[in-house]
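Architecture at a glance
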Amino acid sequence: MSLLEVTDLQVSFNTSDGVVQAVRGISFSIEPGRTLGIVGESGSGKSVSTQTLLGLNSGARVSGSALFEGQDLLAMNPDQLRRIRGAQISMIFQDPLSSLHPLYKVGWQIVEMIRTHEPEVGKAAARKRAVELLAMVGIPQPDRRVDDFPHQFSGGMRQRAMIAMALALSPKLIIADEPTTALDATVQAQILDLMQRLQREFDTALIMITHDLGVIADIADDVLVMYAGKPVEHTDRRSLYYRPHHPYTKGLLESIPLSTGASERLTPIPGQPPSLINLPTGCSFHPRCAYVMDKCITDGPELRAVGAEADDGVRHDSACWLPRAATGLTAEAEQLRTNAALEGRTGAAKKIADQIAGEVKGPVAS
Ligand SMILES: Nc1ncnc2c1ncn2[C@@H]1O[C@H](COP(=O)(O)OP(=O)(O)OP(=O)(O)O)[C@@H](O)[C@H]1O
């Protein structure tokens, strides 16, 4: 049994403009000590998927199941979820001030967190643990800084303090939602290092949400790529980075900024993600896809096994009509994609491809 097993999670919101289909059927599982990266552009449904697991989306229409140690989180009442939050599953957000109250001392907040879930722990013992936790996440002079207010910490230190708080009750799963996006590259690397070290030490499972594939390149075991509320590619890290199948994943990889001076490469994906109220027909990505075919406009592909990995036991699923073997960034893979795209398009798809042609290089010429 997996630590967490999410099956066909769907989340929508009724708004005055219509129904927002934020999450349209995602499934994943995670084992103790493993890291799952969930990646996609802003609005792809990454945060809603994970917040729904912890009951943090009031007013949402939710279906599917999310078994945490065999118990369905989606069927739990608010009291049961409150007991799970923080103690069994904790969250780290981009903005530490969404977890750290600006008007209370950092140490006091950690102490409160411990004593709320473990009332038998005395104040002195909880404070001692708070100091130990701050030391563990690398806060200098923790016995003194424990009495600081959040605004007396730098951005990186606040992020560390939030990690200390997330670890306070030794949760089995941490969900980190863009935890380093607001930090500069050096501090970002230190925080990711720290999370990885602590994760190993405590065998904690980690779900890392990010819009930047570069952030999880070193730490994810598996990666789930989301587009417009749907999973479009799901595989292990190696396959995803070296043998991507979905053109959206390929686009995300090509848009990773390389911080290597002259060779810097950043090719944005053309166009914008669709409205989740009025989704495109067929594959939601087709209006932006350089490999669009006629079929993509009418039929939405579901995840299916692709690549040679399907035979050697590594799971590699992609929701794309391109040939199963068209994985990777080699010239050969590109040829397969190009041939399939050029063969598979006539009128409508050709028009879309021509529009994209102005913005991106792809198999757009006929
Ligand atoms: N309470 C709500 N009511 C209506 N729509 C919502 C609500 N919460 C989220 N959404 C919509 O659901 C979609 C998915 O949002 P979500 O925050 O999960 O995206 P994301 O991939 O995490 O992006 P970001 O990185 O910007 O947070 C967005 O279009 C968002 O506007």
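First, a word on what this report is: a plain description of the structure on this page.

Calculation notes
- Residues numbered from 1 in each chain as written.
- Predicted model: local features only at pLDDT ≥ 70, side-chain atom pairs only at ≥ 80, totals over all residues.
- Helix = DSSP H or I, 4+ residues; strand = E, 2+ residues; numbered from the N terminus.
- Rg over C-alpha atoms; globule rule 2.2 N^0.38 Å.
- Buried ≥ 20, exposed ≤ 12 C-beta atoms within 10 Å, placed from the backbone.
- Contact = placed C-beta atoms within 7 Å.
- Arc of directions from axis to C-beta.
- Pairing = 2+ DSSP bridges.
- Axes fitted to C-alpha atoms, helices over the stretch in contact; angles between N-to-C directions.
- Parallel < 35°, antiparallel > 145°, perpendicular 65-115°, else oblique.
- Left-handed = near helix turned anticlockwise from the far one by under 90°.
- Near = placed C-beta within 6 Å.
- Nonpolar A, V, L, I, M, F, W, Y, C, P; charged D, E, K, R; others polar.
- Core = buried A, V, L, I, M, F, W, Y, C linked by C-beta atoms within 7 Å.
- Domains from an automatic or database assignment.

A few words now on the overall build of the chain. When helices and strands are tallied, the chain shows twelve helices and twelve strands. In terms of C-alpha radius of gyration, the chain reaches 22 Å, essentially the compact-globule figure of 21 Å for 366 residues. When each of the 366 residues of the chain is scored for burial, the buried share is 42%. Put simply, 63% of the contacts in the chain that link residues at least 6 apart link residues at least 24 apart.

Buried within helix α12 (residues 347–357) we find A349, I352, A353 and I356. Relative to the axis of α12, the buried residues are bounded by an arc of 100° and lie together on one face. Exposed positions of α12 whose direction lies more than 90 degrees from the buried face are G347, K351 and D354. In this structure, the buried side of α12 is in contact with α10 (294–298).

Our focus in this paragraph is the sheet that holds strand β1 (residues 4–15). Spatially, β2-β1-β4-β5 is the arrangement adopted by the four strands of the open sheet, whose pairing is antiparallel. Both edges of this open sheet fall to β2 (18–30) and β5 (71–72), since each of them pairs with a single strand only. The sheet contact formed by β1 and strand β4 (residues 60–68) spans eight bridges and is antiparallel. Within β4, the position partnered with E5 by the bridge is L67. Set on the sheet, helix α1 (residues 46–53) makes contact with β1, β2 and β4; between it and β1 the angle comes to about 110°.

The mixed open sheet is built from eight strands, whose spatial order is β6-β7-β8-β3-β9-β10-β12-β11. At either end of the open sheet lies a strand with only one pairing partner, and these are β6 (89–92) and β11 (304–305). Sheet topology places strand β9 (residues 222–227) next to strand β10 (residues 230–236); six bridges connect them, and they run antiparallel. Paired with V223 across the strands is T235, a residue of β10. In the packing of α1 onto the sheet, contacts are made with β3 (35–39), β7 (173–177), β8 (205–210) and β9, and the angle to β8 comes to roughly 145°.

Another aspect to go through is the packing of helix α6 (residues 155–167) against helix α7 (residues 185–202). Viewed as axis vectors pointing N to C, α6 and α7 meet at an angle of 15°, and their least axial separation amounts to 10 Å. Here α6 is positioned roughly parallel relative to α7, judged by the angle of their axes. The handedness of the crossing between α6 and α7 is right-handed. Residues G156, Q159, R160, I163 and L167 of α6 lie in contact with α7, whose contacting residues are V187, Q190, I191, L194, M195 and L198.

Before going further, it helps to spend a moment on the site of the ligand. Near the ligand, the surroundings consist of 14 residues, among which F13, A22, S42, S47 and V48 are the closest. Of all elements in the fold, only β1, β2 and α1 reach the threshold of two or more residues within the shell around the ligand. The element contributing the most residues to the shell around the ligand is α1, with three residues. Partitioning the shell around the ligand into residue classes produces five nonpolar, eight polar and one charged.

Next up on the list: the environment of G347. Topologically, G347 is positioned in helix α12. Of the residues examined, G347 has 7 C-beta atoms within 10 Å and is grouped as exposed.

Of all hydrophobic cores here, the largest spans 91 residues; its most connected members are I110, A161, A164 and V225. At eight residues, the largest contribution of residues to this core is made by α6. Mapped onto the domain boundaries, this core takes at least three residues apiece from domain 1 (97–170) and domain 2 (244–357). If we ignore the near neighbours within four places in the chain, the residues touching V225 are V39, G40, P231, V232, E233, H246, Y248, T249 and L252.

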